[in-house]
Amino acid sequence: AIRAASRRTAIKKDVFFYGRNSCGRNPSGLNHRVEMIRMANKLGVKTACAFRRIGPGGYYAHLAGAKVALCPRGIGEWTNRHPEALRAGTFVISSPISHLEFSTGWKKGVHYEEVSEDLSDFEELIRRALNDEPYRRRIADAARINYAKQFTPVRMYEMTWDKVGL
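Not measured: the values here are computed from a predicted model.

What to know about the packing of helix α5 (residues 122–131) against helix α6 (residues 133–150)
So, step 1. Running from N to C, α5 and α6 point in directions that differ by 95°, and their axes come no closer than 5 Å. On the basis of the axis angle, α5 is roughly perpendicular to α6. Touching Leu125, Arg128, Ala129, Leu130 and Asn131 of α5 are Glu133, Tyr135, Arg136 and Arg138, all from α6.
So, step 2. Per-class residue counts for the contact of α5 with α6 are four nonpolar, one polar and four charged.

Laid out in structure tokens, this is it:
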């Protein structure tokens, strides 16, 4: 009953975030985790935030049911939430990661969007992501297709051997 209720709730939410508020500060000290949620709530966006264990079924139901997944930096710049959201076909708004090199070929503006360090563009990004469905679907679908191509068992094997130079 709890899992079924979680799925129904997730479908009604616009934005998904999972994590703790305690970490994720950028170099200037701004906590993207706290500020992204605060700004989304201020805009009246329906947000599903989970700061405790919801189980794998609840987590993926919420993630797949959301229009947008917020992926602020975690302990590092990149988090597991990035590929999970990309695989789920959920539009990703991330803390800056475009300077990182990904063997997956993820590109800002093609597979995800990112906010500036000071979050000055967050409101514009989230409004566009929620109100412009063709834009949101184009980015989310491109990410999901790229994920499917990059994370096949054969490709994962090749990527592993590529890293060691064989």
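Now, onward.
Considering unusual backbone geometry
So, step 1. Phi angles above zero are rare outside glycine, and leucine 119 is one such case at about 65°.
So, step 2. When you line up the elements, leucine 119 lands in the loop between β5 (113–114) and α5.
So, step 3. On the basis of relative accessible area, leucine 119 is assigned to the buried category, the value being 3%.

Notes on the side chain of serine 95
So, step 1. In this structure, serine 95 sits in the loop between β4 (91–94) and β5.
So, step 2. Look past the residues within four positions of serine 95 in its chain and what remains in contact with it is His32, Met36, Cys71, Pro72, Arg73, Glu114 and Val115.

As for the side chain of glutamate 114
So, step 1. Among the secondary structure elements, glutamate 114 is positioned in strand β5.
So, step 2. In this structure, glutamate 114 is buried with no salt-bridge partner, the nearest side chain bearing the opposite charge being lysine 108 at 4.0 Å.
So, step 3. A distance of 2.9 Å separates a polar side-chain atom of glutamate 114 from the backbone nitrogen of isoleucine 97.
So, step 4. In this structure glutamate 114 touches Ser94, Ser95, Pro96, Ile97, Ser98, Lys108, Asp121 and Leu125, once residues within four positions along its chain are discounted.

Side note on the pairing of β4
So, step 1. Burial along β4 is two-sided: Phe91 and Ile93 facing one way and Val92 and Ser94 facing the other are all buried.
So, step 2. Bridge analysis of strand β3 (residues 68–71) against β4 gives four bridges, and the strand direction is parallel. Residue pairing across strands places valine 68 opposite phenylalanine 91, the latter belonging to β4.
So, step 3. With two bridges joining them, β4 and β5 adopt parallel strand pairing. Counterpart to isoleucine 93 in the pairing with β5 is glutamate 113.

Describing the environment of histidine 111
So, step 1. Within the fold, histidine 111 resides in the loop between β4 and β5.
So, step 2. Taking relative accessible area as the criterion, histidine 111 reaches 8% and is therefore assigned buried.
So, step 3. Put simply, histidine 111 and alanine 142 are 31 residues apart on the chain and 5.8 Å apart in space, counted from C-alpha to C-alpha.
So, step 4. Ignoring anything within four residues of it in the chain, the contact list for histidine 111 reads Leu86, Gly105, Trp106, Ile139, Ala142, Ala143 and Asn146.

Rules used in this analysis
- Residues numbered from 1 in each chain as written.
- Predicted model: local features only at pLDDT ≥ 70, side-chain atom pairs only at ≥ 80, totals over all residues.
- Heavy atoms only, no water.
- Axes fitted to C-alpha atoms, helices over the stretch in contact; angles between N-to-C directions.
- Helix = DSSP H or I, 4+ residues; strand = E, 2+ residues; numbered from the N terminus.
- Parallel < 35°, antiparallel > 145°, perpendicular 65-115°, else oblique.
- Contact = heavy atoms within 4.5 Å.
- Nonpolar A, V, L, I, M, F, W, Y, C, P; charged D, E, K, R; others polar.
- Buried < 20%, exposed > 50% of the residue type's maximum accessible area, 1.4 Å probe, protein only.
- Lys, Arg positive; Asp, Glu negative; His and termini not counted.
- Salt bridge = Lys/Arg side-chain N within 4 Å of Asp/Glu carboxyl O.
- Polar contact = N/O pair within 3.5 Å; in protein donor to acceptor, adjacent residues only side chain to side chain.
- Pairing = 2+ DSSP bridges.

The quantities given are spatial measurements derived from coordinates; they are silent on function.
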